[in-house]
Amino acid sequence: MFVRRLLIVIGLLAAIAFPAAAQQGTTEIKGRVLDPQGNALPGVSVMVKNEQTGMFRQTVSDKDGVYFISGLTPGSYELSGELSGFNTFRHHDLRLEIGKTAKVDVKMQLGAVAEELTVTAAAPMIDVTSKEVGGNITSKELVELPSVNRNFIGFVALLPGVVANISTESFGADAVSVNGQDSRNNNYMVDGGNNNDDVIGQRAGTQARTPIESIQEFQVLTGQYDAEFGRTTGAVINAVTKQGTNQFKGVAFGFLQDASYTEKDFFTKQRNGQKPDTNFVQWGGNIGGPIVRDRLHFFANLERVYNKRATAINIPARPEFNATPTTTDDVWNTMIRFDGQLNASESGAIRWLRESSPQKNQIIPDATLNGTVPVTLNASREESDVDQTAVGTWSSLFGNSKLNTVRLTWTQENVAFANPGFNGNGRQQDLLKPTLVFLNFEDQQSAVAQARINNAYYIDDTFNSYVSNHDIRVGFQVARLAESSTAQDNMNGTFTFRTNKPFDPNDFSTYPERFSIRVPGASQLNLAVKYYGVFAQDKWSVSDRATVSLGLRYDLEKLPINEADNPLFTNPNDYPTDKNNISPRLGFTYNVDPKTNTVLRAGYGRFYDKTHLELVQGAVTGGVFSNSFVTTLPTSAADPGPSKGQRPTDPFLANGPIVDRALLAQRFPPGSRIKNTGTVILDSPDRVIPYTDQFSVGASRQITTGLALSVDFIHASGQDQFMSREYNPGTRSGTGRTDPVTRVNKNFTGSVLVRGNTGETTYNAAEFQVDHHLGQNFLYRISYTYSKSRGNTSGNGIPTSNFQYLDDLRLNANEGPTDFDRPHNFVLSASGRVPHTGGHLELATVTRYVSGDPLTIQNTSFDPDQNGVLFDPLPAGSYSGTGRNSITVHSSGGRNGARGPDFFQVDGRAAYRMTVAGSEVRLIGEVFNLTNRANYANPSGDVRSGPTGFLVLNSLRSGAVPRTFQFGVRLSY
């Protein structure tokens, strides 16, 4: 049935021939060949030749004088035209950028072929044929702008609509949120191949980190991308790596940060703590050159990173745990690439990238029953991580303008993240110390213990043809993901306390009030998931000024599930497979003034996401019957004993924070498959893939040769967003936190969460960008976004509605800003050579301002609506914390009704250029957070967290740094 449906869709797409305009890792050029009178000139031999590699492509202008060449590697090209009776036309230094269609006319003059007419004008900055929203980042920006961790993902946020999430939890895990979307919902591509984590999505960035020095350039499509791109509702980040040339060229570099020229962070300075012994050392280099001149080249890149980064611990309620430890990253990154051209019609490339990045002593705030809390040094984690990606591409030219490209891609992650004890023996249950979660912090040992290997295999084929002003592109994608993982989280047990006081066996008020633990054994998961996609796109040049873009895409994914444990399935062999994912893409551009390239554009597109496995794999491992689940005791509510100064009555709590293994084995026999008494997760047969309908209208104008201005208005409507419905809701007997909760199913005291599609979000934005390139001497980019992102869901993962009362989700009460709402987002980036220094002195900056994160003001000591969920926002008004580092916020009431501190940071760079033995040397000094502003993380908005927690700032946001200096040297030869 599926095969027949797929063949029908492929046949339909081929019949209507709706092709694509965007290119996966490539670029294209088109134009008209004209005689001296401006008339079309057919039969002209047109060739483009890469000026560095010598590789070339050629075609012949058609009856309308149009030539078209696609599938080109981005770079600097020479364009030439030849016809008997005319001078040879040559256009040098023609820069073709990734994902763009350069429109360049060939103007022939009468004369002998041996005589040449040479042109050197730059290619237009604006793609006058594209409706897409986004921009391109060049290698010049990557190597000349300051970057605190030299990860290219941070540069994505130079563009409008993009908010960077710089990670201090895991090396190379920077991510971006685009147009109010979950950072999971992006599509990272390198050299046209997949570089995504299909398990956790892109909330930690790419699968394998691509070093800055190995990237030639990348394109960011934040909206209205063509049908060639699918399985994402966020952005497409489309990067291409460097390739070897006909000359041996390379780069060597080294960068250093050290504690001696790093300021103390705000909290360390405030408590007069010791400065952490930080250190950042990065060195490496690359080399590329010819194996066979004009035909076969190689490029290799090596990068070494050793990083001791500061991770301040600030726990006002228990100052004895305050510390300034360092997290250590020990990284090796290697890449090699080969490019070859067999003949004028056949060419290909192979690239392999690998990174090993083990990390020690991670200090990562933890999500608990009381929200996200800081952890002590005792609760640190470790991570081992090896990421790889490889891609092979082969392109075949048929006739003058038909190109077929087949691409094979493999990505792999081999990762373990856990506490040091688990990484030492691989058995979390053997650890003697449980995790202790107090009111405002976590201590003693992390409960995290996970490891997995996931492999992804992709086959893509794209056929591109140009026929009668139609740039037609059709293709398909087949992918298989295999995941093998173990989850032993919380097999050591977690005790939750009502206060921040240390446990005292003689003081019952300090006893734990809840206990949770994974039983009866570890969770083992093996998945094999398949994805299919077909597309067709047409970029139709209606006239010299107008272009219509018509596209259609179809996606399908086949996921496994343990149907036998899912009572929602009437047919145990019928997994929920959404077969209606048809994505139309429509767009229009009009060049109002070809002399200045003033372009108006508008577009509509439907964009389907994919199912990130971490969000649904609980339905495989945590069904009604399971051999691994987390149980919480007491089941209905916290034990009331400690609140009354009495010994807890629950036997797992009565003796304090000691795991009673004998009683545990009696209730949950090891190795058995028993009824899940914890949280049951089920998938719904009716679940479908979330999608976003996006509308945009915008304009761009190239004011001068190197200056372009653009403005876009974006409306995105997210539909069928993932949310979880509680199928076993409860009611609380009173409004107190410890009052018992009675579930609908009195025979099952746990929670039953069913994945569904009840969420809706809206995003509206005005996005502005100024892009100014003055040759090699000066460039700047200004981006500003004013936006609002709201919904009846937080938009983060698969949340519940905390307002659900029995069967009523009460989604109206859940309406509010999404977790990714940032009304103001401003970025200035600039670099240039200082006049009167002979071009030796260079200055650069990146300056950012972003609104604060949303925040809910509440008091989890009470449950006013008695729905059993301790989440009840306080009324609208102003709220203030008390004591040191407290703030005042205004809340409009409801979920995410308030906003935490904003973010502002100025980074700067100065470099001195000189020539040594024919090679260019740059001596570099950089400063990050020039003003030494403390960029705080959100405080607790829970009144219950008390005077040391409620609206009290106690940490910096992820990625925030005190003023830090970095010194480096870069040699290019």
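So, here's what we can say about the structure. It should be emphasised that the depicted structure is a prediction, and the values quoted were computed from it without experimental measurement. (Residues numbered from 1 in each chain as written. Predicted model: local features only at pLDDT ≥ 70, side-chain atom pairs only at ≥ 80, totals over all residues. Heavy atoms only, no water.)

Below, the discussion takes up the sheet that holds strand β32 (residues 514-520). An order of β28-β27-β31-β32-β38 is seen for the five strands of this open sheet, with the pairing classed as mixed. Of all the strands in the sheet, just β28 (442-443) and β38 (628-633) have a single pairing partner and so form its edges. Bridge count between β32 and β38: six bridges; the pairing is antiparallel. Its bridge partner lying in β38, I517 is registered against T631. (Pairing = 2+ DSSP bridges. Helix = DSSP H or I, 4+ residues; strand = E, 2+ residues; numbered from the N terminus.)

A word on the pattern of salt bridges. Enumeration according to the criterion identifies 55 salt bridges in this entry. For the salt bridge of E144 with K140, the shortest nitrogen-to-oxygen distance reads 2.9 Å. Of this pair, E144 and K140 both sit in helix α2 (residues 139-144), four residues apart, which is roughly one turn of the helix. According to the relative accessible area criterion, K140 is buried, its value standing at 15%. Taken together, the shared-partner salt bridges connect K140, E144, R833, E842, R913, E920 and R922 into one network. (Salt bridge = Lys/Arg side-chain N within 4 Å of Asp/Glu carboxyl O. Buried < 20%, exposed > 50% of the residue type's maximum accessible area, 1.4 Å probe, protein only.)

This brings us to the environment of G99. Looking at the secondary structure, you find G99 in the loop between β6 (88-96) and β7 (101-103). Here G99 falls in the buried class, since its relative accessible area comes to 4%. Along the sequence, G99 and V630 sit 531 residues apart, while their C-alpha atoms lie 47 Å from each other.

Here the focus is the nonpolar core. Of all hydrophobic cores here, the largest spans 25 residues; its most connected members are L142, F152, F155, F218 and I237. Secondary structure elements with two or more residues in this core: α2, α3 (153-156), β12 (175-178), β15 (215-223), β16 (236-241) and β49 (841-850). Not counting residues within four places of it along the chain, the set of residues in contact with L142 comprises I137, F152, F155, I212, I215 and F218. One finds F441, F629, V659 and F668 within the second-largest nonpolar core, a separate group that totals 23 residues. (Core = buried A, V, L, I, M, F, W, Y, C linked by side-chain atoms within 4.5 Å. Contact = heavy atoms within 4.5 Å.)

So, about the environment of I291. With respect to the element layout, I291 can be found in strand β18 (residues 279-292). Taking the relative accessible area as the measure of exposure, I291 reaches 45% and is therefore partly exposed. Along the primary structure I291 and T245 are separated by 46 residues, whereas in three dimensions their C-alpha atoms are 9.4 Å apart. Aside from chain neighbours lying at most four places away, what touches I291 is L296, H297, F298 and F338.

Within the secondary structure layout, S509 lies in the loop between β31 (494-496) and β32. Polar contacts involving the side chain of S509 include one to the side chain of D507, which spans 2.7 Å. S509 has contacts with R498, K501, P642 and G645, leaving out every residue within four places of it along the chain. (Polar contact = N/O pair within 3.5 Å; in protein donor to acceptor, adjacent residues only side chain to side chain.)

What follows concerns the environment of G698. When you line up the elements, G698 lands in strand β41 (residues 691-704). Judged by its relative accessible area of 8%, G698 falls in the buried class. Excluding residues that lie within four positions of it along the chain, G698 makes contacts with V599, L600, R601, V711 and D712.

Once that is clear, we can look at the side chain of Q359. Looking at the secondary structure, you find Q359 in strand β22 (residues 359-362). The buried category is assigned to Q359, whose relative accessible area is 0%. Only 3.1 Å separates the side chain of Q359 from the side chain of R309, close enough to count as a polar contact. Polar contacts involving the side chain of Q359 include one to the side chain of Q362, which spans 2.9 Å.

What follows concerns unusual backbone geometry. With an omega of -20°, the peptide bond between V519 and P520 qualifies as cis. Considering the arrangement of structural elements, one finds P520 in strand β32. The step from L633 to P634 runs through a cis peptide bond, and the omega angle for that step is -10°. With respect to the element layout, P634 can be found in the loop between β38 and α7 (661-667). With a phi close to 55°, N272 is a non-glycine residue in the positive phi region. Its location among the elements puts N272 in the loop between α4 (266-270) and β18.

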